[in-house]
Amino acid sequence: MPTLNGTDLGLFPTMGVGSYASPSWLIATRRALRAGTAGPADVEEAIQDAVKMAVWDQEEAGLDILTDGEIRRQRFLWNVVEKLSGLNMVRAQRKLGIMSYDSAPRFETTERVSAPDGFGLVDEFTFVQAQTDKPLKVCCPGPLTIAMPIRLQAGYPQGDYLPLLYDLAELVNKELRGVVAAGATFIQLDEPSAVGREPALSIEETVKLFNTTLEGVEAKIALHVCFGNNQGRPAMKRTYKPLFPGILDVKVDQFALEFANREMAELALWSQYGDDREFAAGVIDVKSMYLETAEDVAERIRLTLEHVHPEKLYLTCDCGFSASSRNLARAKLGALVAGAQLVRREVSGA
Ligand SMILES: [Zn+2]
């Protein structure tokens, strides 16, 4: 049976992937800061309230494992990139019309990157830990993802991303060791760019990079690989086939993958190549406005059980809720838990 910190989680533990929906008043407060009608202390107060709200919504939904909702991290990784020194921000190339992946600022290296004050995960963890007695998961973007908006200029050989990626791997590793030392027992490395995104790496190079990133991090570790979620739109070709079976050489305890948005396609990859490690299946489509019923979710879980051992199965969402409204995110978490309950009853024969 799945356990965490020695606690029996029961069948099909439920959890979000990481980010939770920002409430409207936090977005409004951040906007007011940019307009000069709110101060940094107003934003900090709103952030702390929003983390408490994220915990409250997850507890109310009945999730087994919580996160802090990554409330501090705008656009998933900006607050991590902002903590790096050795980068110069370049304005977005396109700001008018429909927002897309090129509507965000880029960064150019001015020297080798470093993070003199870390990424702030320890403070995030310490704060959320004080808000709940439930098991917690701490998520961190990996080096491939952090490198996505960075272009090589000074400090690195032109055209060769590996030195930058390994510098980032070292910084992430230090951050993860720090958060584990602070008491975190469940870490998730987020690498939505592991599939078909620049800088392109072979699966062997990708695995080596991930294992370096996770070396000596003494916790339960999950790897989340999805296809991107910018305002509900993926950025990559939505297939895991190029990753298997090579990705299994990453030294993690759990793989958290996206399925609901793809009508549960490619689950058979796990029957074909999977081992006895844990499998967290995305059974909630965070990129769709359609609100799943409990039976929709149960149907997805039953399909997953054709390929995954029940005692190894965790239930999650395809990705985070950073591009969702709070009311929809809250309702979808409710559907996740209700669907899990239906199938738990079927499996236990109750
Ligand atoms: Zn994701």
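None of the values given here were measured: they were computed from a predicted structure.

The zinc ion binds to the protein through His-224 (NE2), Cys-226 (SG) and Cys-319 (SG), with metal-donor distances spanning 2.1 to 2.3 Å. Positions of the donor residues of the zinc ion along the chain correspond to the pattern H-x1-C-x92-C. Residue His-224 is located in strand β8 (residues 220-225), and its partner Cys-319 is located in the loop between β11 (313-316) and α10 (326-348); the two are separated by 95 residues in the primary sequence. Like His-224, the residue Cys-319 is buried in the burial classification.

This part is about the pattern of salt bridges. Inspection of every chain in the model, using the stated rule, returns 14 salt bridges. Here Arg-73 ties to Glu-124 by a salt bridge, and the two come within 2.9 Å at their closest N and O atoms. Of this pair, Arg-73 sits in the loop between α2 (40-61) and α3 (78-81) while Glu-124 sits in helix α4 (residues 121-129), and the two are 51 residues apart along the sequence. Grouping residues by exposure puts Arg-73 and Glu-124 together as buried. Through salt bridges that share partners, Asp-57, Arg-326 and Arg-330 make up one connected network.

Now for the packing of aromatic side chains. The geometry of an aromatic ring pair is captured by the separation of the ring centres together with the interplanar angle, meaning the angle of the planes. Applying the stated criterion across every chain, the model contains 7 aromatic pairs. Ring geometry for Tyr-20 versus Phe-321: centroids 6.3 Å apart, planes at 80°, classification edge-to-face. Here Tyr-20 is found in the loop between β2 (7-8) and α1 (24-35), whereas its partner Phe-321 is found in the loop between β11 and α10, with 301 residues between them in sequence. On the basis of relative accessibility, which here comes to 4%, the residue Tyr-20 falls in the buried class. By relative accessible area, Phe-321 is classed as buried at 2%. Aromatic pair Phe-259 and Phe-279: ring centres 5.7 Å apart, planes at 35°, arrangement tilted.

Quick look at the nonpolar core now. With 98 residues, the main nonpolar core has Phe-119 and Ile-247 as its most contacted residues. Residues contacting Phe-119, with those up to four places away along its chain left out, are Val-80, Lys-83, Leu-84, Cys-140, Ile-146, Leu-171, Val-172 and Glu-175. Leu-9, Met-15, Ile-65 and Ala-280 belong to the second-largest nonpolar core, a separate cluster that totals 9 residues.

The next point concerns the sheet that holds strand β5 (residues 138-141). The 6 strands lie next to each other as β5-β7-β8-β9-β10-β11, forming an open sheet whose pairing is parallel. Strands at the two margins of the open sheet, each flanked by one partner only, are β5 and β11. Averaged over all pairs of adjacent strands, the angle between strand axes in this sheet comes to 25°, irrespective of strand direction. Examined bridge by bridge, strand β9 (residues 254-257) and strand β10 (residues 278-282) share 4 bridges and lie parallel to one another. By the bridge assignment for β10, Phe-255 is matched with Phe-279. On the sheet, helix α9 (residues 294-305) packs against β10 and β11 and is oriented at approximately 150° with respect to β11.

Its place among the elements puts Asp-68 in the loop between α2 and α3. Put simply, Asp-68 is tucked away with no salt bridge, and the nearest opposite charge, on Arg-73, sits 5.2 Å away. A distance of 2.7 Å separates the side chain of Asp-68 from the backbone nitrogen of Glu-70, its partner in a polar contact.

Looking now at the pairing of strand β4 (residues 106-114). As judged from the 5 bridges shared by strand β3 (residues 85-90) and β4, these two strands associate in the antiparallel manner. Opposite Asn-88, over in β4, you have Glu-108 as the bridge partner.

Ordered by their spatial adjacency, 3 strands build an open sheet running β3-β4-β6, and the pairing between neighbours is mixed. Sheet topology places β3 and β6 (150-151) at the edges, where each strand pairs with a single neighbour. Of the strands in this sheet, β4 and β6 touch helix α6 (residues 162-181), which is tilted by about 70° from β4.

Mapped onto the secondary structure, Asp-167 falls in helix α6. Asp-167 gets classed as buried once you look at its relative accessible area, which sits at 9%. Within the structure, the side chain of Asp-167 is placed 2.7 Å from the side chain of Tyr-156, a separation counted as a polar contact. If we ignore the near neighbours within four places in the chain, the residues touching Asp-167 are Arg-112, Val-113 and Tyr-156.

Turning to the packing of α1 against α2, a few remarks are in order. At a minimum axis separation of 9 Å, α1 and α2 run at an interaxial angle of 165°. With respect to each other, α1 and α2 are oriented roughly antiparallel. Our pair here, α1 against α2, has a crossing hand that is left-handed. Contacts between α1 and α2 involve Trp-25, Leu-26, Thr-29, Arg-30 and Leu-33 from the first element and Pro-40, Asp-42, Val-43, Ala-46, Ile-47, Asp-49, Ala-50 and Met-53 from the second. The residue inventory of the contact of α1 with α2, partitioned by class, reads 9 nonpolar, 1 polar and 3 charged.

For the bond running from Phe-244 to Pro-245, omega is 0°, close enough to zero to count as cis. Checked against the element boundaries, Pro-245 lands in the loop between β8 and β9. The backbone phi angle of Glu-263 is positive, close to 50°, even though this residue is not glycine. With respect to the secondary-structure elements, Glu-263 resides in the loop between β9 and α8 (268-273). Phi at Glu-266 takes a positive value of approximately 75°, unusual for a residue other than glycine. Exposure remark for Glu-266: the relative accessible area of 19% places this residue in the buried category.

Scoring rules and cut-offs
Residues numbered from 1 in each chain as written. Predicted model: local features only at pLDDT ≥ 70, side-chain atom pairs only at ≥ 80, totals over all residues. Heavy atoms only, no water. Donors = N, O, S within 2.8 Å, 3.2 Å for Na, K, Ca; no water. Helix = DSSP H or I, 4+ residues; strand = E, 2+ residues; numbered from the N terminus. Buried < 20%, exposed > 50% of the residue type's maximum accessible area, 1.4 Å probe, protein only. Salt bridge = Lys/Arg side-chain N within 4 Å of Asp/Glu carboxyl O. Phe/Tyr/Trp six-rings, centres within 6.5 Å; stacked < 30°, edge-to-face > 60°. Core = buried A, V, L, I, M, F, W, Y, C linked by side-chain atoms within 4.5 Å. Contact = heavy atoms within 4.5 Å. Pairing = 2+ DSSP bridges. Axes fitted to C-alpha atoms, helices over the stretch in contact; angles between N-to-C directions. Lys, Arg positive; Asp, Glu negative; His and termini not counted. Polar contact = N/O pair within 3.5 Å; in protein donor to acceptor, adjacent residues only side chain to side chain. Parallel < 35°, antiparallel > 145°, perpendicular 65-115°, else oblique. Left-handed = near helix turned anticlockwise from the far one by under 90°. Nonpolar A, V, L, I, M, F, W, Y, C, P; charged D, E, K, R; others polar.

All we've got here are geometric facts, nothing functional implied.
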